[in-house]
Structures are given as structure tokens and as C-alpha cells.
Amino acid sequence: MTTVGLKPPQQHIGITALREIWVIADDAGFDGCWVFDHLAPMGPERTGDVFDGWSLLAAMAEATRRVRIGCLVSGNTHRHPGTFAKIAATVDHLSGGRLDVGLGAGGDAMTDAMMGTPTPSAKERVERLAETCEILRLLWTRDEVTYAGRHYTLTGAISDPKPVQRPKPPLWLGSSGEKRGLRVVAEHADVWLNAALPGAEIAELHRLSRVLDAHCAAVGRDPAAVRRAVQFRLPSDADSALRLAESYVEAGFTELVLMPASRDDVVAASEAAAKLLPRLRDVG
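For the structure given in this document, a descriptive report is provided here. (Residues numbered from 1 in each chain as written. Predicted model: local features only at pLDDT ≥ 70, side-chain atom pairs only at ≥ 80, totals over all residues. Heavy atoms only, no water.)

## Observations concerning the packing of helix α1 (residues 15-28) against helix α9 (residues 266-283)
Packed helix pairs are characterised by how far apart their axes lie and by the angle those axes make with each other. Between α1 and α9, the least distance of the axes is 9 Å, while the angle of their chain directions is 5 degrees. When the interaxial angle is binned, α1 and α9 end up roughly parallel. Facing A17, E20, I21, I24 and A28 of α1, the residues of α9 in contact are V266, V267, S270, E271, A274 and L277. (Axes fitted to C-alpha atoms, helices over the stretch in contact; angles between N-to-C directions. Helix = DSSP H or I, 4+ residues; strand = E, 2+ residues; numbered from the N terminus. Parallel < 35°, antiparallel > 145°, perpendicular 65-115°, else oblique. Contact = heavy atoms within 4.5 Å.)

Have a look at this one:
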């Protein structure tokens, strides 16, 4: 079964427009509505307004009734996993159990430099991501946690209340390193997320999916247990959008995350995506 989510632009967008988009996503029947987790806008010009992703999720939880919500993806280096576990559980309660937890290894040299925080190596960031996945599971399922990892330590840690979703909210991991990143995905993810940036070849995403299958086999996990997701810019032309979505589904991606094409009027672009939703479901 194919699910379809909406990920509107978040930078340079006002709160009023964001609220309108959340209601559009909820009323239209999208399966998910997503934000991102950056301290500054992305792109060549990294200045301007951008709101905190998890604060927006708390507001979205209250402004919607049925759509699942989440962040694609949270940078793991932004928060200690114990703090992150508490934030996510809170949003899960606010939403009545509608949270999907998106997480990536993180690392943004520009914002790290401006905040005076280190940017670990890619290897260390993936190691930290793996430890965080373990810590989240423990804090969300056990009364008390003592954990001694290479990068994180917990001593008699408690984290209550537990999430509404039991045993834990679904974990979406955005990591595509063939040796280490996809191994972490195979070990911990419910959903593997790919960002299909302009120019990304579907054949390459399909190849990485087969690499993930091999990692799943190596850790004794059924590859079918890890759903495959792709986020991509939605062409403004409906027929082109449907052909692109169909190509991802044919490549084995069952979770489609749409990024509306227009940045000039994101509300109108989101409404256009909502009108296309029934046809997108037929693709699946």
C-alpha cells in the first residue's frame, strides 16, 4: 500500500500560511504532513526566517485531527537523545499517537560554527545515530535505563510518560551510506527515507535499496520490514507529477513525500497537490 505525505517549504514562510497548509493536509486526506529541522534556511542564501521544527510539530498536533505528523529529518547532533526522547513523547501525546519520528545523522558545518558546536566526522555521526536509536527504544519502553555507549552515557535514566504508540512511534531514518548508514537503517528503521534531489537517478535509489536488503539479511531482518520512502519535488504539471510518482512506486518506494513545486504561493501549491491526491493513490 502506498502512502502519500506533504512536506511544504518551511523557510521564509509565515505561521499563518503554515497553519493553512496543515489544515489542507488534514482535510484532503494526506497520510502525513512533515517539517524539517534546520537552524537556518537551506540553499545558497542561508539567511531569513525559519521556525524550529519540533515547536511547529507541537502546534501541528493541536491544529490537525487525523494526519500523521513528523520531521524529515531531525539532525541527531542537535539534541542529546535523552532530551529528544522526551520531546518526541510529548508531541506523540499532543497528537494522540500520530507521530512518526524522522532522524538523520545530522551535521551542518555553517550552523555548527555559528553556535560554537563541533561537527563530528561522518563516521562518528553515524555511530551517534546508531546509539541514539538504541537509547530511544530503551527510554520509550523501560522504566529505568543505564547505558554506556561510545558517545552517550545514561545512568538510571527515566523518561515518563512513555509515548502513546506502543512499543514506540515508527522510526524513519534518512541515511544512505552504503557501509555504515544503511547498516544502521537495517538494524533500527521502520522506514528508510531518501531525498530525491533534482538530478537524482531512480536507478541509483533502487540500487541502494538492494544494498539495504543485503544489510537486512546480514542482521537477520526481513527486508520487507523496512518500508522505503522517497521525498521529491512535485512537478507543477499533473501528468508529469503522476509519471514521476509512478516511477518511484515501480522502483519499490511505498511512501511518497511530496514537496510542492511553487515557493511563491505555498498554500496554492499545497491545494494543487491535494487535488492531485486521489490520482496519486491510484498510482499505488
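## Thoughts on the state of the cysteines
Applying the stated criterion to the full structure yields zero disulfides. The closest cysteine sulfur to the non-disulfide-bonded C216 is located on C133, 14 Å from its own sulfur. (Disulfide = S-S within 2.5 Å.)

## Examining a nonpolar patch on the surface
On the surface, L39, M110, M114 and M115 cluster together into a nonpolar patch covering about 380 Å² of accessible area. Within the fold, L39 resides in the loop between β2 (32-35) and α2 (53-63). On the basis of relative accessible area, L39 is assigned to the partly exposed category, the value being 42%. (Patch = residues over 30% accessible without salt bridge, like charges linked within 9 Å, V, L, I, M, F, W, Y side chains within 5 Å. Areas by Shrake-Rupley, 256 points an atom, 1.4 Å probe, with all protein chains shown as cover. Salt bridge = Lys/Arg side-chain N within 4 Å of Asp/Glu carboxyl O. Buried < 20%, exposed > 50% of the residue type's maximum accessible area, 1.4 Å probe, protein only.)

## Let's talk about the side chain of H188
Tracing the chain through its elements places H188 in helix α6 (residues 181-188). Apart from residues lying up to four places away in sequence, H188 is in contact with A130, C133, E134, L171, L173 and R221.

## Some remarks on the pattern of salt bridges
Enumeration over the complete set of coordinates arrives at 18 salt bridges. A salt bridge links D213 to R228; the shortest N-O distance between them is 2.8 Å. Placement of D213 in helix α7 (residues 202-218) and of R228 in strand β10 (residues 227-234) is noted, with a sequence separation of 15 residues between them. Pair check on accessibility: D213 and R228 agree, each one buried. Notably, a salt bridge pairs R227 with E255, separated by 3.1 Å at the nearest N-O pair.

## Notes on α1
For α1, with 14 residues, the first-to-last C-alpha span of 20 Å sits near the 20 Å given by 1.5 Å per residue. For α1, the complete set of buried residues consists of A17, L18, I21, W22, I24, A25 and D26. Along its buried surface, α1 packs onto β1 (3-6), β2, α2 and α9. (Expected span 1.5 Å × (residues − 1).)

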